[in-house]
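Survey of secondary and tertiary structure
What follows is the residue order along each chain.
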Amino acid sequence: MSQRKEIPQHIAIIMDGNGRWAKRQGKSRSEGHFAGMNALHECVQNAANSGVKYLTVYAFSTENWGRPQAEVDALMELVCTGVELETEELAKQGVRVLIIGDRSRFSDKVKAALNRIESNTAHGQTMTLILALNYSSRSEIVVAVRDLAEKVASGELKAEQIDEQMISSALYTAQIPDPDLIIRTSGECRLSNFLMWQASYSEFYFTDVLWPDFNKEELDKALEAYAQRDRRYGLVK
Ligand code: FPP
């Protein structure tokens, strides 16, 4: 592989294709998600080893509640299993975990697991892993706008004071830099309600590889593609 010029500080991934991977293997969709979790485990290690500082993954969208109940249950169980299996190792490796999304709809068991992984990894300095769970970019923006509107109504804020920075700070991702690179697996080329505000200047990388097959080699290909991009932010070089 050629020498890499630049590693993205923040990679965000739409982990797509677990169901199709399972179908091809003659397995259940839940088994596909389990394989997806193993791929996520690998990806966290590989991203951290490559020097990535923030890794955001779209693990459950607000739309995913509409899937068959057995699949939703399996995904919720996977969140709890993942927390149980991974927390200690992530803490040892210095990976801090943050959750973005609306937690109110999760069961107490899932909420407790999410609180546990966040608090037990809070001091991690190597990389921040952000799990988007019950996440919707549009809902995130609605919540932020409401929050600012209430401050205007109470006189705490003037409407003309609202700027891009203030909106960024009102999102779930307030403390997180915008993603430099957004990866989507499985051949789909859309954003699906993921980080729409934050993706304004992100580079996109689409691959036909299904998420459970997204290994180190595939991450390296995405990093290589990113290194070739010329980011101009609307300017002339
Ligand atoms: C999309 O594939 C994937 C999901 C909706 C779930 C992603 C979840 C994981 C990778 C599991 C590990 C993560 C955590 C934190 C539990 P799809 O089911 O839409 O695949 P398809 O389009 O081929 O049907």
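Before reading further, recall that the structure is shown in the block above.
Quantities reported herein were computed from a predicted structural model and do not represent experimental measurements.

Of the regular secondary structure elements, the protein chain holds seven helices and six strands. Order of helices (α) and strands (β) in the protein chain, N terminus to C terminus: β-α-α-β-α-β-α-β-α-α-β-β-α. Relative to its length of 237 residues, the protein chain is compact, with a C-alpha radius of gyration of 18 Å against a globular reference of 18 Å. Each principal axis of the C-alpha atoms in the protein chain carries an extent, and together these give about 60 × 50 × 35 Å. Taking all 237 residues of the protein chain together, the buried fraction comes to 48%. For the protein chain, the share of sequence-separated contacts (at least 6 apart) that also reach a separation of at least 24 residues comes to 76%.

Glancing now at the nonpolar core. Among the nonpolar cores identified, the biggest contains 43 residues, and I11, I13, L55 and I183 are the most heavily contacted of them. Sorting elements by how many residues they give to this core places helix α3 (residues 69-93) first, with seven residues. Counting 13 residues, the second largest nonpolar core, distinct from the first, contains Y54, Y135, I176 and F194.

Neighbouring residues of the ligand: 17 residues in total, closest M15, G19, R20, R29 and R67. Computed on the free molecule, the ligand has an accessible area of 620 Å², of which 90% lies beneath the protein chains in the complex. Here the ligand is seated within the largest pocket. Those elements that provide at least two residues to the shell around the ligand are α1 (18-24), α2 (29-50) and α3. Its residues assigned to classes, the shell around the ligand shows seven nonpolar, six polar and four charged.

The subject of this paragraph is the pairing of strand β6 (residues 203-206). The side chains of a regular strand alternate, residue by residue, between the two faces of the sheet. Covered by surrounding structure in β6 are E203 and Y205 only, the residues F204 and F206 on the alternate face being uncovered. As defined by bridge partners, strand β5 (residues 181-184) adjoins β6 across four bridges and the pair is classed as parallel. What sits directly across from R184, in β6, is F206.

What follows is about the sheet that holds β5. Taken together, six strands build an open sheet; the order of strands is β3-β4-β2-β1-β5-β6 and the sheet is parallel. The open sheet has two free edges, formed respectively by β3 (95-100) and β6, since each of these has just one partner strand. Neighbour-to-neighbour, the strand axes of the sheet open up by a mean angle of 20 degrees, direction not taken into account. Direction of pairing for strand β1 (residues 10-14) relative to β5: parallel, over a ladder of four bridges.

A few words now on the layout of surface pockets. When its volume is computed, the largest pocket comes out at roughly 910 Å³. Taken together, 39 residues make up the lining of the largest pocket; nearest its centre are M15, N18, Y58, A59 and F60. Counting only elements with at least two residues in the lining of the largest pocket, the list comes to α1, α2, β2 (54-61), α3 and β4 (127-135).

What follows deals with the packing of aromatic side chains. The tally for this structure, following the rule as stated, stands at nine aromatic pairs. For the pair W211 and F214, a centre-to-centre distance of 5.3 Å together with 20 degrees between the ring planes defines the contact as stacked. For the pair formed by W211 and F214, the shared burial category is buried. Among the aromatic side chains, those forming a connected cluster through ring pairs are Y58, Y135, Y172 and F194.

For the rest of this paragraph, the subject is the packing of α3 against helix α4 (residues 108-120). Direction vectors running N to C along α3 and α4 enclose 15 degrees, while the axes themselves pass 9 Å from each other. When the axes of α3 and α4 are compared, the pair comes out roughly parallel. Between α3 and α4 lies a crossing whose hand is left-handed. Residues M76, E77, V79, C80, V83, T87, L90 and A91 of α3 lie in contact with α4, whose contacting residues are K109, V110, A113, L114, R116, I117 and N120. For the contact of α3 with α4, the class distribution of residues is 10 nonpolar, two polar and three charged.

About the thresholds
Residues numbered from 1 in each chain as written. Predicted model: local features only at pLDDT ≥ 70, side-chain atom pairs only at ≥ 80, totals over all residues. Heavy atoms only, no water. Helix = DSSP H or I, 4+ residues; strand = E, 2+ residues; numbered from the N terminus. Rg over C-alpha atoms; globule rule 2.2 N^0.38 Å. Buried < 20%, exposed > 50% of the residue type's maximum accessible area, 1.4 Å probe, protein only. Contact = heavy atoms within 4.5 Å. Core = buried A, V, L, I, M, F, W, Y, C linked by side-chain atoms within 4.5 Å. Near = heavy atom within 4 Å. Areas by Shrake-Rupley, 256 points an atom, 1.4 Å probe, with all protein chains shown as cover. 1 Å grid on protein atoms, 1.4 Å probe; cavity = no way out; pocket = protein on both sides within 12 Å on 5 of 7 lines; lining within 4 Å. Sits in = over half its atoms within 2 Å of the grid points. Nonpolar A, V, L, I, M, F, W, Y, C, P; charged D, E, K, R; others polar. Pairing = 2+ DSSP bridges. Axes fitted to C-alpha atoms, helices over the stretch in contact; angles between N-to-C directions. Points joined across faces, edges and corners; volume = space filled by probe spheres on them. Phe/Tyr/Trp six-rings, centres within 6.5 Å; stacked < 30°, edge-to-face > 60°. Parallel < 35°, antiparallel > 145°, perpendicular 65-115°, else oblique. Left-handed = near helix turned anticlockwise from the far one by under 90°.

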